[in-house]
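# Breakdown of the fold
These are the residues of each chain, in order.
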Amino acid sequence: MIKYIWYILLTLFILSLPVPTQAEIKYNHNGLTISEIKDRVHFKVFTPQNVSEDWTLEIKTYPFGEEDFISKIRLHYMDSNDTYMIIGIEERRAATIKMEKLKPSAEKLDINGKVGYFQPWVNSGEKVGKGKIITGGILSWRQEGTLIKMDSSILKKEEMLEIARSMR
């Protein structure tokens, strides 16, 4: 429930952010960089090419605090003030479980020639605050041996798909 309240607050403040092409990655903390992460994981790391130049990136690694063995990463693209997460992207080595079993009610989509699934938030479409509407949800797919899950309550499904299709 707290997670949904947080997403509602995000929606109130950042719903109308533009999504132009990214020129360079702006890291917002002194953590590991994408190139450093790539050397420490056993899966291919993908980054979106189509995100706003104003967004900053914070990288979370799992298990927390482990630098030698990283089994999962989360890329948190934040607003320019490093206050609100606009979109989160989780990546890990793809398991052998079929994604259809994970999301039986999800909408099936094409992402870079691969099957993807979109599941809107339970409260998607509800009005909050000054007429803002909850948008987004969870988008998941496999790309070259990596399981990717993207989530946002700020961006609409179409905007999430545009970013997902720019993952390289």
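Heads up: the structure comes first, above all this text.
Residue indices begin from 1 for each chain and proceed along its sequence in written order. Local features in this predicted model are restricted to residues of pLDDT 70 or higher, and side-chain atom pairs are both shown and tallied only at a pLDDT of 80 or more, whereas totals for entire chains, interfaces and linings draw on every residue. To obtain the side-chain values, all non-hydrogen atoms of the structure were included, while hydrogens and water were left out.

## Regarding the nonpolar core
Only buried residues count toward a nonpolar core, which is a set of Ala, Val, Leu, Ile, Met, Phe, Trp, Tyr and Cys residues joined through side-chain atoms within 4.5 Å. Here's how the labels work: a residue is buried when its accessible area is under 20% of the maximum for its type, exposed when over 50%, partly exposed in between, all with a 1.4 Å probe on protein chains only. Ranked by size, the top nonpolar core spans 31 residues in total, and within it Leu139 and Met150 carry the most contacts. A run of H or I in DSSP becomes a helix once it reaches four residues, and a run of E becomes a strand once it reaches two; helices and strands are each numbered from the N terminus. Secondary-structure elements contributing two or more residues to this core are helix 2 (34–38), strand 1 (56–62), strand 2 (72–78), strand 3 (85–93), strand 4 (107–111), strand 8 (137–143), strand 9 (146–152) and helix 4 (157–164). A per-element tally of this core places helix 4 first, with four residues. Here, two residues are considered to be in contact whenever any of their heavy atoms come within 4.5 Å of each other. Non-local contacts of leucine 139, meaning those with residues more than four positions away in its chain, are made with Leu109, Ile111, Tyr117, Phe118, Ile148, Lys149, Met150, Met160, Leu161 and Ala164.

## A short note on the sheet that holds strand 2
Any two strands between which DSSP finds at least two bridges are classified as paired. Strand order in the open sheet formed by seven strands is 1-2-3-9-8-5-4, with antiparallel pairing between adjacent strands. Pairing within the sheet leaves two strands with one partner each, and these edge strands are strand 1 and strand 4. Going from strand to strand, the sheet's axes swing by 20° on average, the running direction of each strand aside. As defined by bridge partners, strand 1 adjoins strand 2 across seven bridges and the pair is classed as antiparallel. Looking across to strand 2, one finds that tyrosine 62 is bridged to lysine 72. The axes are straight lines fitted to the C-alpha atoms, using for helices just the contacting stretch, and the angles between their N-to-C directions are given from 0 to 180°.

## Notes on the packing of aromatic side chains
Each pair of aromatic rings taken from Phe, Tyr and Trp, with Trp reduced to its six-membered ring, is defined by centres within 6.5 Å and is described as stacked if the planes are under 30 degrees apart, edge-to-face if over 60, and tilted in the remaining cases. Scanning the entire structure with this criterion turns up one aromatic pair. Centroid distance tryptophan 55 to tyrosine 77: 6.5 Å. Interplanar angle 55°. Geometry classified as tilted. On the criterion of sequence distance, the pair formed by tryptophan 55 in the loop between helix 2 and strand 1 and tyrosine 77 in strand 2 is long-range, its members being 22 residues apart. Accessibility assignment for this pair places tryptophan 55 and tyrosine 77 in one class, buried. When the ring centre of tyrosine 62 is taken as reference, the NZ or CZ atom of lysine 72 above it lies at 4.8 Å. Each ring is checked for a lysine NZ or an arginine CZ that lies within 6 Å of its centre and within 35 degrees of its normal; such an atom marks a charge sitting over the ring.

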